[in-house]
Amino acid sequence: MMDMQKKHVLIPFLFNSLLLFAACNSSTKQRNGKDSLQHAIVTVELSAKAFEKTIDGKPVQLYTLENKNGAKAMITNYGGRLVSLLVPDKNQQLTDVVAGFSDVQGYQQSTEPYFGATIGRYGNRIAKGKFSLDGKSYQLFTNNGSNTLHGGKKGFQDVVWDAKKINEQTLELSYLSKDMEEGFPGNLKVKVVYTLEDDNALKITYDATTDKNTVVNLTNHAFFNLNGASSGNILNHLVKINANGYTPVDSTLIPKGQIEPVQGTPFDFTNPKTIGERIEADNEQLKFGKGYDHNFVLNKHAAEEPVAIVTGDKTGVVMEVYTDQPGLQFYSGNFMQGKNKMKGNHTDDFRTAFALETQHFPDSPNQPSFPSTVLKPGVTYHTETIYKFSVK
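Just so it is clear, the model here is predicted, and its values are computed rather than measured.

Rules of the game
- Residues numbered from 1 in each chain as written.
- Predicted model: local features only at pLDDT ≥ 70, side-chain atom pairs only at ≥ 80, totals over all residues.
- Heavy atoms only, no water.
- Helix = DSSP H or I, 4+ residues; strand = E, 2+ residues; numbered from the N terminus.
- Buried < 20%, exposed > 50% of the residue type's maximum accessible area, 1.4 Å probe, protein only.
- Contact = heavy atoms within 4.5 Å.
- Areas by Shrake-Rupley, 256 points an atom, 1.4 Å probe, with all protein chains shown as cover.
- Salt bridge = Lys/Arg side-chain N within 4 Å of Asp/Glu carboxyl O.
- Core = buried A, V, L, I, M, F, W, Y, C linked by side-chain atoms within 4.5 Å.
- Polar contact = N/O pair within 3.5 Å; in protein donor to acceptor, adjacent residues only side chain to side chain.
- Pairing = 2+ DSSP bridges.
- pLDDT = per-residue confidence, 0-100.
- Axes fitted to C-alpha atoms, helices over the stretch in contact; angles between N-to-C directions.

Enquirer: So what exactly am I meant to see when it comes to the overall build of the protein here?
Expert: Across its full length, the protein holds 2 helices and 30 strands. Looking at the protein as a whole, 55% of its 392 residues qualify as buried. Counted over contacts in the protein with a minimum sequence separation of 6, partners at least 24 positions apart contribute 69%. When the accessible surface of the protein is totalled, it reaches about 16,300 Å², and 49% of it is carbon and sulfur.

Here's what the structure looks like:
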């Protein structure tokens, strides 16, 4: 059934400008002598019709979730993608904090294939596209140099999911990944549910079952900018990650197998730091990733404790991340190249968005010391991630 409730949605995009007030004796003089941060709203029409297309013989469309506060999440079943996420900023203006496109063709043609997408079967990298399971070797398509990234040549970001809108705040997506699709064994039945809750939290739950032993690592690849999707770079965002360790990588971004402490390195976000504060440090790991593109080993934590907190420096938007997964991939937009025209008529310039992907560790099928990603018949894979928004 097509979601006909909102054919056209006006999406406010937040653009920030600093206005200097001249020092004078008039009543408009700023008492503190500082610049006054003003917000200008530019509205862009995001048309549901622009997402109506048939791909691989299946209908694609755009779905809108809205909570009692007026926050909105827009999702397309092409790739299970989060297209837009409107949350209030410190001035109670709705800000779109997710980078994306204004039509489905944008996603199909993008040089960056993962904007907002549901990632699978295996999020992150598998070394040389190979792994062994039950004594049998499997060869995957290598789409990231010599490695497999995010499921291979046609991962879950490029498939059309079956969609069912449960209510105004919940969308259910399902997909059957057939045995040996992209080289992975087993018929994998996957269900992903997006829920926009009334506390301005976007909850994503993932469930999967298989009829053969296989490996699974599902996540979401939203590209966030808490100052607004068209507001410039994210280097002044303040980040805290509840992780005392991370997994160092080789030059192809495959973990070396050990967990190293973040203390004394640019990877220590146990206390809040801006993204840009140490990103250009003379550090081999940062050079390999061209910035941050690393898996953080999350500390043991209660379910109600966020594993990461990010604050937009201009809007005051705060994003808390909650998950039951052992790892968190922090990506600072290092491979964004300004080649794609996004919503709001801006391009995806270098480091204008970041990702926090909840996950099991990269290359776990080849790393016996890492938490297992094996899924067996009769067992349900289940995980939950929450991105919760407030203001500071």
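Enquirer: Explain the environment of Val379 to me, please; I cannot follow it from the model alone.
Expert: With respect to the helices, strands and loops of the structure, Val379 is situated in the loop between strand E29 (374-375) and strand E30 (381-391). For Val379 and Thr210, which are 169 residues apart along the polypeptide, the C-alpha to C-alpha distance reads 7.9 Å. Here Val379 is in contact with Ala208 and Thr209, once residues within four sequence places are set aside.

Enquirer: Even after reading the chapter, I still don't get the pattern of salt bridges, so can you show me in this structure?
Expert: Note that side chains of opposite charge can pair when their charged atoms are close. This model, assessed by the stated rule, comprises 11 salt bridges. Linking Asp158 and Arg81 is a salt bridge whose minimum nitrogen-to-oxygen distance equals 3.9 Å. On the criterion of sequence distance, the pair formed by Asp158 in the loop between strand E13 (148-149) and strand E14 (162-167) and Arg81 in strand E7 (residues 81-88) is long-range, its members being 77 residues apart. Residue classification places Asp158 among the partly exposed positions, given a relative accessible area of 21%. Using a relative accessible area of 1% as the deciding quantity, one classes Arg81 as buried. A salt bridge links Arg125 to Asp293; the shortest N-O distance between them is 3.7 Å. Residue Arg125 is found in strand E10 (residues 125-126), and its partner Asp293 is found in strand E24 (residues 293-297); the two are separated by 168 residues along the sequence.

Enquirer: Just to check I follow, could you spell out the nonpolar core for this structure?
Expert: Soluble globular proteins: nonpolar side chains tend toward being buried together. In this structure, Leu85, Ile241, Met319, Phe354 and Phe389 are the most contacted members of the largest nonpolar core, which totals 58 residues. If you tally residues by element for this core, the top one is strand E16 (residues 188-196), at 5 residues. Residues contacting Ile241, with those up to four places away along its chain left out, are Phe269, Thr270, Phe296, Leu298, Val307, Ala308, Leu328 and Phe330. Counting residues in hydrophobic clusters, the runner-up holds 21 residues, among them Met74, Val83, Val160 and Ala355.

Enquirer: Help me out: how do you make sense of the side chain of Gln359 in this one?
Expert: In this fold, Gln359 is placed in strand E28 (residues 355-359). Looking at Gln359, its side chain comes within polar contact range of the side chain of Asn124, at 3.0 Å. A polar contact is formed between the side chain of Gln359 and the side chain of Asn295, at a distance of 2.8 Å. Ignoring any residue separated from it by four or fewer positions in sequence, one finds Gln359 in contact with Asn124, Asn217, Asn295, Gln325, Pro326, Gly327, Leu328 and Gln329.

Enquirer: Even after reading the chapter, I still don't get the sheet that holds E24, so can you show me in this structure?
Expert: Hydrogen bonding along the main chain pairs the strands of a sheet, whether they run parallel or antiparallel. Reading across the sheet, the 5 strands line up as E22-E21-E24-E27-E28 and stay open at both edges, with antiparallel pairing between neighbours. The outermost strands of the open sheet, each flanked by one partner alone, are strand E22 (260-261) and E28. Across 5 bridges, the pairing between strand E27 (residues 327-331) and E28 is antiparallel. When the bridges of E28 are listed, Tyr331 appears paired with Ala355.

Enquirer: Honestly, the confidence of the model for the protein in this entry has me stumped. Any pointers?
Expert: A low pLDDT means the predicted coordinates there should not be read in detail. The predicted model of the protein averages 90 in pLDDT, with 89% of residues at 70 or higher. Across residues 1-43, where pLDDT falls below 50, the model places 98 contacts with residues more than four positions away in sequence or in other chains.

Enquirer: Sorry if this is basic, but what is going on with the pairing of E7 here?
Expert: Regular strands place their side chains on alternate faces of the sheet. Here E7 lies mainly inside the structure; 8 of its 8 residues are buried. Across 5 bridges, strand E6 (residues 72-76) lies against E7 in antiparallel orientation. Residue pairing in the sheet places Met74 in a bridge with Ser84 of E7. What sits between E6 and E7 in their antiparallel hairpin is a turn of 4 residues, with Gly79 showing a positive phi close to 80 degrees. Taking the residues between adjacent antiparallel strands as the criterion, E7 and strand E8 (residues 94-96) are bridged by 5 residues, where Gln92 takes a positive phi near 65 degrees.

Enquirer: Honestly, the environment of Asp293 in this entry has me stumped. Any pointers?
Expert: Residue Asp293 is classed as buried on the basis of its relative accessible area of 7%. Sequence-wise, Asp293 and Phe330 are 37 residues apart; in three dimensions their C-alpha atoms are separated by 5.6 Å. Contact partners of Asp293, with chain neighbours within four places excluded, come to Arg125, Leu253, Gln329, Phe330, Tyr331, Asn334 and Phe335. In terms of polar contacts, Asp293 uses its side chain to reach the side chain of Gln329, at 3.0 Å.

Enquirer: Hey, could you run me through the sheet that holds E6 in this one?
Expert: Pairing is antiparallel in the open sheet, where 4 strands are placed in the order E5-E6-E7-E8. Bordering the open sheet on either side are strand E5 (62-66) and E8, each of which pairs with just one other strand. The average undirected angle you get between the axes of adjacent strands in this sheet is 20 degrees. Bridge analysis of E5 against E6 gives 5 bridges, and the strand direction is antiparallel. Opposite Thr64, over in E6, you have Met74 as the bridge partner.

Enquirer: Teacher, can you tell me more about the side chain of Thr76 here?
Expert: Mapped onto the fold, Thr76 is located in strand E6. We classify Thr76 as buried; its relative accessible area is 0%. Polar contacts involving the side chain of Thr76 include one to the main-chain amide nitrogen of Tyr78, which spans 3.2 Å.

Enquirer: What is the right way to look at the pairing of E28 in this model?
Expert: The element E28 is largely enclosed, with a buried count of 5 among its 5 residues. Side chains Ala355, Glu357 and Gln359 project from E28 onto one buried face, and the interleaved Leu356 and Thr358 project onto a second face that is buried too.

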